[in-house]
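# An overview of the molecular structure
Here is how the chains run, residue by residue.
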Protein chains: 4
Amino acid sequence: LDYPTILASIQEELRPFWGQGKVADYIPELARVSPDQFGLSLECSDGRIFELGASTTPFSIQSISKVFTLVMAIQCLSEKVWTRVGVEPSGNPFNSLVQLEYEEGVPRNPFINAGAIVIADMLVSELGAPKEAFLQFMRSITGEVGFSSNEKVAQSEKEHGFRNSAMAYFLKSYGNLKNEVEVVLDFYYFHCALEMNCRQLAKAFMVFANHGCVLQTGEKVLSLSQTKRVNALMQTCGFYDESGEFTFSVGLPGKSGVGGGIAALHPQEFSVSVWSPRLNKKGNSVLGMKALELLTTKTGFSIF
Amino acid sequence: LDYPTILASIQEELRPFWGQGKVADYIPELARVSPDQFGLSLECSDGRIFELGASTTPFSIQSISKVFTLVMAIQCLSEKVWTRVGVEPSGNPFNSLVQLEYEEGVPRNPFINAGAIVIADMLVSELGAPKEAFLQFMRSITGEVGFSSNEKVAQSEKEHGFRNSAMAYFLKSYGNLKNEVEVVLDFYYFHCALEMNCRQLAKAFMVFANHGCVLQTGEKVLSLSQTKRVNALMQTCGFYDESGEFTFSVGLPGKSGVGGGIAALHPQEFSVSVWSPRLNKKGNSVLGMKALELLTTKTGFSIF
Amino acid sequence: LDYPTILASIQEELRPFWGQGKVADYIPELARVSPDQFGLSLECSDGRIFELGASTTPFSIQSISKVFTLVMAIQCLSEKVWTRVGVEPSGNPFNSLVQLEYEEGVPRNPFINAGAIVIADMLVSELGAPKEAFLQFMRSITGEVGFSSNEKVAQSEKEHGFRNSAMAYFLKSYGNLKNEVEVVLDFYYFHCALEMNCRQLAKAFMVFANHGCVLQTGEKVLSLSQTKRVNALMQTCGFYDESGEFTFSVGLPGKSGVGGGIAALHPQEFSVSVWSPRLNKKGNSVLGMKALELLTTKTGFSIF
Amino acid sequence: LDYPTILASIQEELRPFWGQGKVADYIPELARVSPDQFGLSLECSDGRIFELGASTTPFSIQSISKVFTLVMAIQCLSEKVWTRVGVEPSGNPFNSLVQLEYEEGVPRNPFINAGAIVIADMLVSELGAPKEAFLQFMRSITGEVGFSSNEKVAQSEKEHGFRNSAMAYFLKSYGNLKNEVEVVLDFYYFHCALEMNCRQLAKAFMVFANHGCVLQTGEKVLSLSQTKRVNALMQTCGFYDESGEFTFSVGLPGKSGVGGGIAALHPQEFSVSVWSPRLNKKGNSVLGMKALELLTTKTGFSIF
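It should be emphasised that the depicted structure is a prediction, and the values quoted were computed from it without experimental measurement. (Residues numbered from 1 in each chain as written. Chains lettered and ligands numbered in written order. Predicted model: local features only at pLDDT ≥ 70, side-chain atom pairs only at ≥ 80, totals over all residues. Heavy atoms only, no water.)

### Points about helix α5 (residues 113-126) of chain D
Residues and elements named next belong to chain D. The terminal C-alpha atoms of α5 lie 20 Å apart, and with 14 residues this matches the ideal 20 Å at 1.5 Å per residue to within 8%. With twelve of 14 residues buried, α5 lies mostly within the body of the structure. Among the residues making up α5, those that are buried are Asn113, Ala114, Gly115, Ala116, Ile117, Val118, Ile119, Ala120, Asp121, Met122, Leu123 and Val124. Buried residues along α5 sit against α3 (65-77), α4 (98-102), α6 (130-142), α8 (162-173) and α9 (181-192). (Helix = DSSP H or I, 4+ residues; strand = E, 2+ residues; numbered from the N terminus. Expected span 1.5 Å × (residues − 1). Buried < 20%, exposed > 50% of the residue type's maximum accessible area, 1.4 Å probe, protein only. Contact = heavy atoms within 4.5 Å.)

Shown next as structure tokens:
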């Protein structure tokens, strides 16, 4: 496959979609980003890297971080993770409390906010210093050290995150949160506020395309079976209530964040990360979604 | 009407129901009450008082206090109260977050927990010292001074009230809570933990049977129209999701609490308070509900 | 009380509200009514009648008929009625299937569509010829013979009543409908399409203000206790999801219909019927609601 | 891959699970099947076939038929299909009306009952004789002629399918059903009552593993892109509210039916069909789910 040509044609076909959608504005710090940016980084399983645009500009990875905390929780607790959080798509907006009430405090999956808060709670219980452990983990799977969590963003989310507080207390009322709400949310906002660029994110997602191993070092992060399961979860639950649409039109396991980032992968073939801050109504990057749809169309590499 | 004879026969007919139901145990302090107690106090609009059993034993009035904070909010804000809380029965358990989500943060009525928390928020905003003002208000409408809020109960509720915290943060996420969650809940638990006996509670409810005026002093607490509206609200929303059943079988405006107390009234005729800690599945006192049903049957005094 | 003066001032104060709201248009036949009409008939418990406007113009009573079929079902089955339908307000629009699913096929009360369909099913089972029995019943409580069900309206509702068919089949799936869906709905549409005028309707509702007896003949229709219960139900459930508002602002037991009619009563004092086709967003007559609110304000006769 | 050895070991490892679960009993005709049967047929993309047990015993394919009617609808209407039915997983039981109400009559996906009824409605509109066309289609993609729809099962479902009738009328009330309810459901029950055996079903599903073409004839049934989309839909929505679990533990696109059948596929590799009548609580075959989980574990062929 001639990736340079494919990426060039994607860039060309994205033109009409520039300027569509709007930047997440629910917290002031996120709203400050310059909206008309786009970057893409694609890493092949043979180590080659192909990129477009602002592929080395850091952005807030937000919910994409939930995949990494899930991996850490699986490393700590293995199958026990699934006693406190489910594996089914939610069919509801990511921050709905309704479903949580009907299902009595067990979040449907680890990628809706309630589920990710439960995962954060597990890590607070299991790890002495979860923030440091999280950064260390990210460094180990990317081989890079140059990123950190943006304190202003984390603080801004904390100050406007009343619904997450509601969700955390609700989980606690069902006995599915073991630590103090403030402590758990402090870690939750920390990992959501991590800033990475497309290149780093593509490297991190290569683990999921490479049988659970870091490509450069061969370090085993997850077993093959665990890797497949995380990929399966991304496929069915990675895009909020647009997960079906993404599976349908892109056909790759992936995860999006309200910072405008999306990371995805094709097992054994490649990992890819795109970023553009303008979001569609479901909270997913307009250019990012379109770019990935074009990528699978042009490469023929959907998993289906 | 020969009230002494009527009350005696009610006492007799209640016998088979003693021991049914169970004491609220969701907070340890409430669970400590001796379960097999019963008291009743009926005050006529001519000032005569008739009583049964433990009518002067103090108990935790819990949700009955929501009627009094609503009255205080109406005194402060008049019709503006209804811009932030509705007047419709909820059709759901008292602590459901589901309905709140569908109705975007405006609680259905001031007697479900979410609604009472909004009312508490109003009082925190309007009054310098809401706790003192609340106690002062209770003293003024009863002419009594010998009661206070039980700090242990308030503290116990606070420590186990994760769902109320969830609800308060959820309200805040919709912009319908102006003060800090902790401050509002501190006042909320304070007024719920007020301890009164049946005699005092019947006196307090006489205001609603007496055109909004204190019987002994003639002091005007609410206008006639406001009084009717509070009574109407108690009729449709006073007993959680058993409000229809209470209206159906008792036919008086009233309000219950999980401490086992119920207060009710017949306009221009009487106010009445009963207390017995064992609750039915809907959270209402078993003996209390039965006693009031017998009272309206024997006196013929339902409002319908 | 000087009723003629009171009614005259009500008529005066209604002026600004003429033309507000819109006629029910979900079925073509109902949409044909001339919108700017208003009638009122008030019958006192001493037999005097006071009226305004088009008090003898027949209109489609629609959901008001549900009160009468409920009375007939109570006559047939007494307390057994309540094994198949509840007595709680619904908190949802009148034709919602959501609640029915959560409550597994037992409608919340007999005045939402699902509940009235179950009542119709009971009457189909109990009575040889339910339509004739219904007309006969209406004649006996009003002392009048000059009304009938409008076949065109019934037919039009049948042809557009897909949601009622859905509800009936849903009830049947829960085992709470014994007869064929078509047979039950045929009777349901028949009784909803009954046409009466305000004077007749006020006479019919006098039964509920007069201890369950027909005023002119003394015939006992319901026991005192049953009458109180039907009144209580109208109070909490008579106005769809505006029942709390009606109780709050009018304070009388009553029932509305999408034909623009409302009937209400004050026990021992009067029954009253108003009619005006323009509806508010909740499906209740704009002028009708306002007229009754003024009536209780001016007479001081709310039940609270 | 040594399929004979793999299948033999699957058969061995299934032993402890025999007798678990129970046969669908919601309609009498389905409940009659002898419960302890098991068959499997696996067809490789090179045409080899490997089988276990009762692979040529016909069974009621039930909801698996919904994949085929969807394909027919796509053939007729192409992208227009998605204006009347969504592509998102439902997060609710397959026959819930709740979600349909919140989403105003557009079913979440074509595999929940409501969605399949809409698809049936499309085919009734598009095809002169939908039953014959359906059988003809099944013959063309399998190259077999020896199967038909079981009239007794269809009739039995019709007589007990009140909830489907409810759903169909509900769809009609939202304008999302163009034909008569009876006509649509008659076709719906017809295609659900189709009887096939594992071998035939595996052949039919080979289309989805073979770029949308019939393996033996090369006939194009769907475009490559359409094929991927149908596969994606099976992945996210094929197993009712156990779709996430199936994706998670099996990792193949597939579809189950309450007759105990499951069909699945790995693109470019194989199609597979299993059948065993005992179902788990979610309505999926116990032995079938387990067999497929073992198959992907032993072959390493999950798509993730």
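Having put the structure on the table, let's press on.
### Details of the state of the cysteines
Two cysteines form a disulfide when their sulfur atoms are joined by a covalent bond. What the rule picks out here adds up to zero disulfides over all chains. In this structure D:Cys44 is not part of a disulfide, and its nearest cysteine sulfur, from D:Cys198, lies 15 Å away. (Disulfide = S-S within 2.5 Å.)

### What to know about the pattern of salt bridges
In total, this model carries 52 salt bridges over all chains according to the counting rule given. The salt bridge partner of B:Arg229 is B:Glu79, with a shortest N-O separation of 3.3 Å. In this pair, B:Arg229 sits in helix α11 (residues 224-237) while B:Glu79 sits in the loop between α3 (65-77) and α4 (98-102), placing the two residues 150 residues apart along the sequence. Between D:Lys290 and D:Glu293 there is a salt bridge, and its shortest N-O distance comes to 3.9 Å. Taken together, the residues span about one helical turn, with D:Lys290 and D:Glu293 both in helix α13 (residues 286-299) at a distance of three residues. (Salt bridge = Lys/Arg side-chain N within 4 Å of Asp/Glu carboxyl O.)

### A look at the interface of chain D and chain A
With 30 residues of chain D at the interface, the matching set in chain A holds 30 residues. Of the roughly 2500 Å² buried at the junction of chain D and chain A (both faces included), carbon and sulfur atoms supply 63%. On the chain D side of the interface with chain A, the three residues burying the most area are D:Lys228, D:Phe248 and D:Phe304, jointly 32% of the side's total. At the surface where chain D touches chain A, the tally comes to zero salt bridges. Elements that contribute at least two residues to the side of chain D that touches chain A include exactly α11 (224-237) and α12 (243-249) of chain D. For the side of chain D that touches chain A, the element with the most residues is α11(D), which contributes seven residues. Partitioned by chemical class, the residues of the side of chain D that touches chain A number ten nonpolar, twelve polar and eight charged. (Buried area = accessible area lost by both parts, 1.4 Å probe. Nonpolar A, V, L, I, M, F, W, Y, C, P; charged D, E, K, R; others polar.)

### Considering unusual backbone geometry
Even without being a glycine, B:Gln62 presents a positive backbone phi close to 50 degrees. With respect to the helices, strands and loops of the structure, B:Gln62 is situated in the loop between β4 (59-60) and α3. Taking relative accessible area as the criterion, B:Gln62 reaches 2% and is therefore assigned buried. Positive phi, close to 55 degrees, is recorded for D:His211, a residue that is not glycine.

### Focus: the relation of the copies chain D and chain A
Structural alignment of chain D on chain A gives an RMSD of 0.0 Å, achieved by rotating through 180 degrees and translating 0.0 Å along the axis. What we have between these two chains is a two-fold relation. (Least-squares fit on C-alpha atoms with pLDDT ≥ 70 in both.)

### Some remarks on the sheet that holds strand β5 (residues 254-256) of chain A
By definition, the strands of a sheet pair up through backbone hydrogen bonds, in either a parallel or an antiparallel sense. Residue and element names in this part refer to chain A. The five strands are arranged β2-β1-β7-β6-β5 in an open sheet whose pairing can be described as antiparallel. The open sheet has two edge strands with one neighbour each: β2 (49-53) and β5. Shown here is a sheet whose adjacent strand axes are inclined to one another by a mean of 5 degrees, direction ignored. Relative to strand β6 (residues 261-266), β5 runs antiparallel, the two sharing three bridges. (Pairing = 2+ DSSP bridges. Axes fitted to C-alpha atoms, helices over the stretch in contact; angles between N-to-C directions.)

### Looking at the nonpolar core
Within the largest apolar cluster, 160 residues are counted, with the highest numbers of intra-cluster contacts made by A:Phe68 and B:Phe68. Residues contacting B:Phe68, with those up to four places away along its chain left out, are B:Ile61, B:Phe134, B:Phe137, B:Met138, B:Ile141, B:Leu201, B:Ala204, B:Phe205 and B:Phe208. Counting 159 residues, the second largest nonpolar core, distinct from the first, contains C:Leu265, D:Phe170, D:Leu201 and D:Leu279. (Core = buried A, V, L, I, M, F, W, Y, C linked by side-chain atoms within 4.5 Å.)

### Focus on the pairing of strand β7 (residues 261-266) of chain D
Residues and elements named next belong to chain D. Taken across its six residues, β7 has six buried, putting it largely inside the fold. Residues Gly261, Ala263 and Leu265 line one face of β7 and the alternating positions Ile262, Ala264 and His266 line the opposite face, and both faces are buried. When β7 meets strand β8 (residues 270-275), the two strands line up antiparallel, connected through six bridges. Paired with isoleucine 262 across the bridge in β8 is valine 274. Counting the residues between successive antiparallel strands, the hairpin from β7 to β8 contains three residues, one of them, glutamine 268, with a positive phi of roughly 70 degrees.

### Looking at the sheet that holds strand β3 (residues 49-53) of chain C
Residues and elements named next belong to chain C. If you walk across this open sheet you meet the five strands as β3-β2-β8-β7-β6, and the pairing is antiparallel. Bordering the open sheet on either side are β3 and β6 (254-256), each of which pairs with just one other strand. Direction aside, neighbouring strands of the sheet carry axes that sit 5 degrees apart on average. Note: strand β2 (residues 39-44) against strand β8 (residues 270-275), six bridges, orientation antiparallel. Bridge pairing in β8 links glycine 39 to tryptophan 275. Lying over the sheet, helix α1 (residues 3-14) contacts β2, β3 and β8, oriented at roughly 20 degrees with respect to β3. Against the sheet, helix α10 (residues 198-209) engages β2, β3, β6, β7 (261-266) and β8, with an angle of about 145 degrees to β8.

### Re α8(D)
Residue and element names in this part refer to chain D. End to end, α8 covers 16 Å across twelve residues, agreeing with the expected 16 Å (1.5 Å per residue, within 8%). α8 sits mainly inside the fold: ten of its twelve residues count as buried. Looking only at α8, the buried set comprises Arg163, Asn164, Ser165, Ala166, Met167, Ala168, Tyr169, Phe170, Leu171 and Lys172. Positive phi shows up at glycine 175, right after α8, with a value of about 80 degrees.

None of this, on its own, says anything about what the molecule does.
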